Every structure is written in C-alpha cells, then in structure tokens.
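Structural characterization, general
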Amino acid sequence: DAKTTQPNSMESNEEEPVHLPCNHSTISGTDYIHWYRQLPSQGPEYVIHGLTSNVNNRMASLAIAEDRKSSTLILHRATLRDAAVYYCILRSWRGTGNQFYFGTGTSLTVIP
Amino acid sequence: DARVTQTPRHKVTEMGQEVTMRCQPILGHNTVFWYRQTMMQGLELLAYFRNRAPLDDSGMPKDRFSAEMPDATLATLKIQPSEPRDSAVYFCASGLAKDSGSYNEQFFGPGTRLTVL
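What follows deals with the overall build of chain A. The number of helices and strands found in chain A is zero helices and nine strands. Reading the secondary structure of chain A in the N-to-C direction produces β-β-β-β-β-β-β-β-β. Against the globule reference of 13 Å for 112 residues, chain A gives a C-alpha radius of gyration of 13 Å, in line with a compact fold. Structurally, chain A occupies a C-alpha span of about 40 × 30 × 25 Å along its principal axes. Taken over 112 residues, chain A has a buried fraction of 48%. In chain A, the proportion of contacts linking residues at least 24 apart, taken out of those at least 6 apart, comes to 56%. Carbon together with sulfur atoms contributes 48% to the accessible area of chain A, which is approximately 5600 Å² in total.

Given below as structure tokens:
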C-alpha cells in the first residue's frame, strides 16, 4: 500500500490559518487522498478527501499538488477545538484489500 | 444523530481469557471496519466487511482473533485466548460503499479500551 509522510507535530496560534503538509510520492493514479483527525480520547473523524482537484468543505480545504505527490490540509482559522492528531491517508479505489494506512499523523497544538 | 456504538467501553481481563467486543454500525451502512490503536503501532486495520461478508482480515492474527457479523446491526471481534500484547484501543467504523466498492467516509465509534493483565 502507498504510504504517506507527515511532520510529527506542528503548532499554530488560535485564529490563524494552519497548513498541514503530507507527502505521498508513491501515490497511484486511482488513490484518493483522505484526511482524518483524532481528538483526544475519541475515534478518528473524517475531515476531507480528494482525488485531483482542490476541495473545500465546512471544516477545511484540501490543496493537491499538480503531480499529486503531495497535499496540504488547510484550516482557515484554527480554534482550540482543532487540537488533534491529523492523519493523511491514501485510499485505493479497490473493492477489497487493505485500503487504509493511517501512519503516525501530525499532532497539532493550538496556542491560545 | 446516527453514531457507531461500541461495547464495552473499557475491559480489563486476565491473560488467557476470552474477550468479545461488539459494534453496532450506523443503520444503513454496508461496510464495517475493525482497527486497533497502540502507542507503538498507531492505527492498524484488522478486518473489513462489506454486506456482512469478510473482505479482508489480513491485518488480524488468525490464531487468536476472529471477526464476524451475525447480522447487519452487529459486528463482533473476539480474542481467544487474550495476551498482554493485545492491550490496545479497538475501534469499529462503518461506512456506505457504492456498488463499485468505493466509499468516501468512515464513521468511527468511541472505541473499546482493552487491558490484558
């Protein structure tokens, strides 16, 4: 399965934008890029996903490089509730198989 | 507000005992996943069901772990016999897969924290 590389940790000031990078140089043409986050003592929750084009939703934006070997999750205004571990995941477009590799993620600290 | 539920939330048991964890997926979802999370290994996919049929359990130790879906509203993960190295948080997630097999979002339950002494 294709793997992702993320920084172990990042810090951001409250109400400032946060750019969380992810490298996925071995991505295949049919792999979707997913982002999940895990708040303390909770299960992961879906944030956003995309294939080739940039994506926006109410939680965040996803910017995908033209060659798809990297992507960036953008939180437009970080709040204290955004402090979590953020996972960048590649999901293969297969009906079976081990499709998700969460990796170690980026632990985001939001400073008041 | 539809949610994935898991029971028990916490379980402490002794080595050698059988452990059964239960998951109720969101009504209408046709895919169920079991994950294990530890500090050392992070989140690992153990098994994956679609329409109650196991599609992939390659991440699961076969000699002691088993996963089943007796019906569409219940998924179980069983460990027999349990060992201290099985201590972890076990998450269940569900999703809605299209006919092609692709899906977008997994909804995770709160997890079962298992401690094997």
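Turning next to the state of the cysteines. Residue and element names in this part refer to chain A. Tallied over the full model, the rule gives two disulfides over all chains. The side chain of Cys22 participates in a disulfide bridge whose partner is Cys88; the two sulfur atoms lie 2.1 Å from each other. Negative torsions about the S-S bond denote left-handed disulfides, and the value of about -85 degrees found for Cys22 with Cys88 makes this one left-handed. Here Cys22 is found in strand β2 (residues 18-23), whereas its partner Cys88 is found in strand β8 (residues 84-91), with 66 residues between them in sequence. Classification of Cys88 as buried rests on a relative accessible area of 0%.

For the rest of this paragraph, the subject is the sheet that holds strand β6 (residues 61-64) of chain A. All names here are of chain A. In space, the four strands of this open sheet follow the order β2-β7-β6-β5, with antiparallel pairing throughout. The strands lining the two open edges of the sheet, one partner per strand, are β2 and β5 (55-56). Pairing geometry for β5 and β6, over two bridges, is antiparallel. Bridging from a neighbouring strand, Val55 pairs with Leu62 of β6.

Turning our eyes to something else, we now look at the sheet that holds strand β3 (residues 19-24) of chain B. Residues and elements named next belong to chain B. Ordered in space as β1-β3-β8-β7, the four strands form an open sheet in which the pairing is antiparallel. What marks the edges here is a single partner per strand, and that holds for β1 (5-7) and β7 (65-71). Taking each pair of neighbouring strands and ignoring which way they run, the sheet shows an average axis angle of 20 degrees. The sheet contact formed by β7 and strand β8 (residues 74-79) spans five bridges and is antiparallel. Counterpart to Phe65 in the pairing with β8 is Ile79.

So, about the environment of B:Gln80. Residue and element names in this part refer to chain B. Mapping Gln80 onto the fold places it in the loop between β8 and β9 (88-95). When its relative accessible area of 36% is taken as the criterion, Gln80 is described as partly exposed. For the pair Gln80 and Val32, spaced 48 residues apart in sequence, the C-alpha separation works out to 21 Å. Once residues within four sequence positions are removed from consideration, Gln80 is found in contact with Gly16, Gln17, Glu18, Asp63 and Arg64. Within polar-contact distance, the side chain of Gln80 engages the backbone nitrogen of Glu18 at 3.2 Å.

Okay, the packing of aromatic side chains next. Residue and element names in this part refer to chain A. By the definition in use, this model includes six aromatic pairs over all chains. With a centroid separation of 5.8 Å and 80 degrees between ring planes, the pair formed by Tyr36 and Tyr46 is classed as edge-to-face. Of the two residues, Tyr36 is situated in strand β3 (residues 32-38) and Tyr46 in strand β4 (residues 45-50); the sequence distance between them amounts to ten residues. Tyr46 shares its class with Tyr36; the two are buried. The aromatic ring of Tyr32 is capped on one face by Arg91, whose charged end is 4.6 Å from the ring centroid.

Note that soluble globular proteins tend to have their nonpolar side chains buried in a common cluster. If you look at the biggest cluster of nonpolar residues, it comprises 22 residues, and the most contacted ones within it are B:Trp34, B:Leu77 and B:Tyr90. Mapped onto this core, the elements with two or more residues apiece are β3, β4 (31-38), β5 (42-50), β7, β8, β9 and β11 (112-116) of chain B. Not counting residues within four places of it along the chain, the set of residues in contact with B:Tyr90 comprises B:Gln6, B:Met21, B:Tyr35, B:Arg36, B:Leu46, B:Phe65, B:Leu77, B:Ile79, B:Gly111, B:Thr112 and B:Leu114. Core analysis: the next-biggest nonpolar cluster, separate from the first, contains 21 residues, A:Ile64, A:Leu75, A:Tyr86 and A:Val110 among them.

The rules behind these values
- Residues numbered from 1 in each chain as written.
- Chains lettered and ligands numbered in written order.
- Predicted model: local features only at pLDDT ≥ 70, side-chain atom pairs only at ≥ 80, totals over all residues.
- Heavy atoms only, no water.
- Helix = DSSP H or I, 4+ residues; strand = E, 2+ residues; numbered from the N terminus.
- Rg over C-alpha atoms; globule rule 2.2 N^0.38 Å.
- Buried < 20%, exposed > 50% of the residue type's maximum accessible area, 1.4 Å probe, protein only.
- Contact = heavy atoms within 4.5 Å.
- Areas by Shrake-Rupley, 256 points an atom, 1.4 Å probe, with all protein chains shown as cover.
- Disulfide = S-S within 2.5 Å.
- Pairing = 2+ DSSP bridges.
- Axes fitted to C-alpha atoms, helices over the stretch in contact; angles between N-to-C directions.
- Polar contact = N/O pair within 3.5 Å; in protein donor to acceptor, adjacent residues only side chain to side chain.
- Phe/Tyr/Trp six-rings, centres within 6.5 Å; stacked < 30°, edge-to-face > 60°.
- Lys NZ or Arg CZ within 6 Å of the ring centre and 35° of its normal.
- Core = buried A, V, L, I, M, F, W, Y, C linked by side-chain atoms within 4.5 Å.

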